[in-house]
Amino acid sequence: MAAALQFGSPVHFPITLAGNFGEPRPNHFHGGIDVCTESAVGKPLFSIGEGYVSRVTVGLYGFGNAVYIQHPNGKTSVYCHLKDFPPAIRQEVTKYRLAHGQKDRIDEWHNPSEPADLYFRPMQLPVAKGQLIAISGNTGSSVAPHLHLEIHDTDTWAMRDPLDELKDCITDHTPPQAHAFMAYPQQGEGIFCHSDKKQLFGFSSNHLEREFTAWGKVGFGLWANDYMEGTYHHYGIRKTELIVDGKCVFTSDVDSIPAHHNRVVNAWGDFYHYLRSNVWYMKSFIDPGNPLPILKADESRGIVNFNEERTYQIVYVLTDAFGNQSTYSFQVRGTKEAITKRQQPVTPMLYWNRVNNFQLPGMQLLVRRWQVADDMPLKPDVRIKTGALSDAYRFTDIPASVFNGAQLSIRLKRKVADNTKLCIRSGDRNFGGTYHDGWVTTEIRDLGLYYEIGYNMPENKNQIKTDKIV
């Protein structure tokens, strides 16, 4: 059993957050909290608990410079976007960089062309709770100075909410706020306010006096944000409950997210609506292929069946990590109405629970089972390119992605002198590829892009092999 451990603040000033854990972002959840550093670099940062420095990265990923501290309670804390390290850590980084022929100027540590990735044994760099472990900065994918702090389960690397450990260090008495809900009539099975299309409705108050109408199966989604006093920043919602006639039919509790489920955020949220409006509506129902363990629902997956001519009471309960809570409610009148039958698809389908092998002349797409949250119509498009190495292929006309990758193979249209430098590309993005018998094969995740065979771009030096200190 992991030892009990009380964590403390990573800074010696009141904590204000620029972002909280689990906020939906395109293709990923926000994996930690963003601690404001008073719009400046150079603030001392301290270990939130005892343990040892297990890893240090320099100029790697979007973290910039980062320190990983493994704690005896089975957690690892990660401190990102750093400017500098204390002498003991800096000495190890200097040793590494000199051994690898890299520059050792601090102002060039964030240079992604010279990354470093160092691992340490437990007794090499032990730290105490409150010990100085870094200087705050603005390195990596950071648009303003701040500390990005993550906490993971060490064994599984599941992402955990740091606010569960740091509640005593932060003041928050402000409840979450809902802005609007979205109704999602299920195709061929439901209707809402006389329409089988999705519709949104704003919350002008915590209880809407208007009575909505529905018949059949309807899902709901919510646009909501959390807030804290003393700042204009807004945050994601920790816990959402959808209650229908006193029964909870759906719950989301945003904690302990497996790292390999990051891209599933696009399926839980209405990604297409987000790309058009920059607003996330998070579904209060679970698509059949959505694997997120933070979502729980009744036997109907959270979809409400309005099958009686009566008034249904719909209530949303929103709770933040500090227990602040707000409630929003509205009524829906079950009103019998004809529902347009679902049309049989005239285009190829991508099925969530099957192996999908889709072919066109000169192209093959293999999508494994459980890579999308629900069945998806494909609308393939081919661009014929005279003189090009191949034609260009796209599979959907709207943004759509798979969770962990699909295998794409494209055939060469003409011979080339050197087939070792071929790859599959989309615009100026290189997806790599393996050549065999006239075909180039690679892994892709986005189905709404055009892909074609091109020549390999220069090696991305940011993708390096890990050097472990043993």
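Residues numbered from 1 in each chain as written. Predicted model: local features only at pLDDT ≥ 70, side-chain atom pairs only at ≥ 80, totals over all residues. Heavy atoms only, no water.

**Q** I would appreciate a short explanation of the overall build of the protein in the present structure.
**A** Within the protein, the regular secondary structure consists of four helices and 38 strands. A compact globule built from 470 residues should have a C-alpha radius of gyration of about 23 Å, and the protein, at 25 Å, falls within 12% of that. Based on the C-alpha atoms only, the size of the protein along its principal axes is roughly 75 × 65 × 40 Å. Here the protein holds 470 residues, and the buried ones make up 52% of them. By sequence separation, contacts in the protein at least 24 residues apart represent 68% of the contacts at least 6 residues apart. (Helix = DSSP H or I, 4+ residues; strand = E, 2+ residues; numbered from the N terminus. Rg over C-alpha atoms; globule rule 2.2 N^0.38 Å. Buried < 20%, exposed > 50% of the residue type's maximum accessible area, 1.4 Å probe, protein only. Contact = heavy atoms within 4.5 Å.)

**Q** Got a minute to help me understand the pairing of strand β8 (residues 75-80) in this structure?
**A** Two faces, one strand: in a regular strand the side chains alternate between the faces of the sheet. For β8, the tally of buried residues reaches six of six residues, placing the bulk of the element in the interior. Here β8 shows a buried face lined by K75, S77 and Y79 and a second buried face lined by T76, V78 and C80. Counted between consecutive antiparallel strands, the loop separating strand β7 (residues 64-70) from β8 contains four residues, among which G74 sits at a positive phi close to 85 degrees. Pairing analysis gives six bridges linking β8 to strand β13 (residues 146-153), with the strands arranged antiparallel. Along β13, the bridge assignment pairs Y79 with L149. (Pairing = 2+ DSSP bridges.)

**Q** I tried to follow the packing of aromatic side chains on my own but got confused; where do I start?
**A** To describe a pair of aromatic rings, you give the distance between the ring centres and the angle between the ring planes. Per the counting criterion, the structure on display carries 24 aromatic pairs. With centroids separated by 6.2 Å and ring planes inclined at 40 degrees, the aromatic side chains of F29 and W268 adopt a geometry described as tilted. You can see F29 sitting in strand β3 (residues 28-29) and its partner W268 sitting in helix α3 (residues 265-268), a full 239 residues away along the chain. With relative accessibility at 2%, the residue F29 sits in the buried group. Considering the side-chain rings of F220 and F330, the 5.8 Å spacing of their centres and the 65 degrees angle between planes classify their relative orientation as edge-to-face. One end of the pair, F220, is in strand β17 (residues 207-227); the other, F330, is in strand β25 (residues 325-334), with 110 residues separating them in the sequence. (Phe/Tyr/Trp six-rings, centres within 6.5 Å; stacked < 30°, edge-to-face > 60°.)

**Q** Help me understand the sheet that holds strand β34 (residues 429-430) in this model?
**A** What links the strands of a sheet is backbone hydrogen bonding, and the strands pair in either a parallel or an antiparallel sense. Spatial ordering of the open sheet is given by β34-β33-β37, a layout of three strands whose pairing is antiparallel. Edge strands, defined here as strands with exactly one partner in the open sheet, are β34 and β37 (452-455). The pairing of strand β33 (residues 422-426) with β37 spans four bridges and is classified as antiparallel. Opposite R425, over in β37, you have E452 as the bridge partner.

**Q** Explanation requested: the side chain of H146 in the structure shown.
**A** Relative to the helices and strands, H146 is located in strand β13. On the basis of relative accessible area, H146 is assigned to the buried category, the value being 11%. Polar side-chain contacts of H146 include one of 3.3 Å to the side chain of S142. A distance of 2.8 Å separates a polar side-chain atom of H146 from the backbone oxygen of A144. (Polar contact = N/O pair within 3.5 Å; in protein donor to acceptor, adjacent residues only side chain to side chain.)

**Q** So what exactly am I meant to see when it comes to the environment of Q364 here?
**A** By the secondary structure assignment, Q364 is in strand β28 (residues 363-367). Judged by its relative accessible area of 26%, Q364 falls in the partly exposed class. Taking C-alpha positions, Q364 is 5.2 Å from S409, a pair spaced 45 residues apart along the chain. Apart from the residues within four sequence positions on either side, Q364 is in contact with N357, F358, Q359, Q407, L408, S409 and W439. Side-chain polar atoms of Q364 contact the side chain of Q359, separated by 2.8 Å.

**Q** Any chance you could explain the confidence of the model for the protein here in plain terms?
**A** For the protein, per-residue confidence averages 93 on the pLDDT scale, and 95% of positions sit at 70 or higher. Segment residues 459-470 is flagged for pLDDT under 50; beyond a separation of four residues in sequence, or across chains, it makes 28 contacts in the model. (pLDDT = per-residue confidence, 0-100.)

**Q** How should I be thinking about the sheet that holds strand β32 (residues 401-411) in this particular structure?
**A** Read from one edge to the other, the open sheet built from five strands follows the order β27-β28-β32-β36-β35, with strand pairing classed as antiparallel. Each edge of the sheet is formed by a strand with only one pairing partner; in this case those strands are β27 (356-360) and β35 (434-436). Each adjacent strand pair in this sheet contributes to an overall mean axis angle of 25 degrees, direction not counted. (Axes fitted to C-alpha atoms, helices over the stretch in contact; angles between N-to-C directions.)

**Q** I would appreciate a short explanation of the pattern of salt bridges in the present structure.
**A** For side chains of opposite charge, pairing can occur when their charged atoms come near one another. Applying the stated criterion across every chain, the model contains 25 salt bridges. Within this structure, D153, R160, D161, D164, R238, D253 and D255 form a network of salt bridges that share partners. (Salt bridge = Lys/Arg side-chain N within 4 Å of Asp/Glu carboxyl O.)

**Q** Quick question: what am I supposed to make of the nonpolar core here?
**A** The nonpolar side chains of a soluble globular protein tend to be buried with one another. Counting residues in hydrophobic clusters, the biggest one holds 47 residues, and the most contacted among them are F181, F192, F212, F220, W268, F306 and F330. For this core, the leading source of residues is β17, giving seven residues. Ignoring any residue separated from it by four or fewer positions in sequence, one finds F330 in contact with F181, F203, H207, L208, F212, F220, Y312, Q313 and I314. (Core = buried A, V, L, I, M, F, W, Y, C linked by side-chain atoms within 4.5 Å.)

**Q** Whenever I open this one, the side chain of S401 confuses me. Can you help?
**A** Topologically, S401 is positioned in strand β32. The exposure class assigned to S401 is buried, which follows from its relative accessible area of 12%. When near neighbours in sequence (up to four residues on either side) are disregarded, S401 contacts R263, N266, Q371, V372, M376, R445, D446 and L447.

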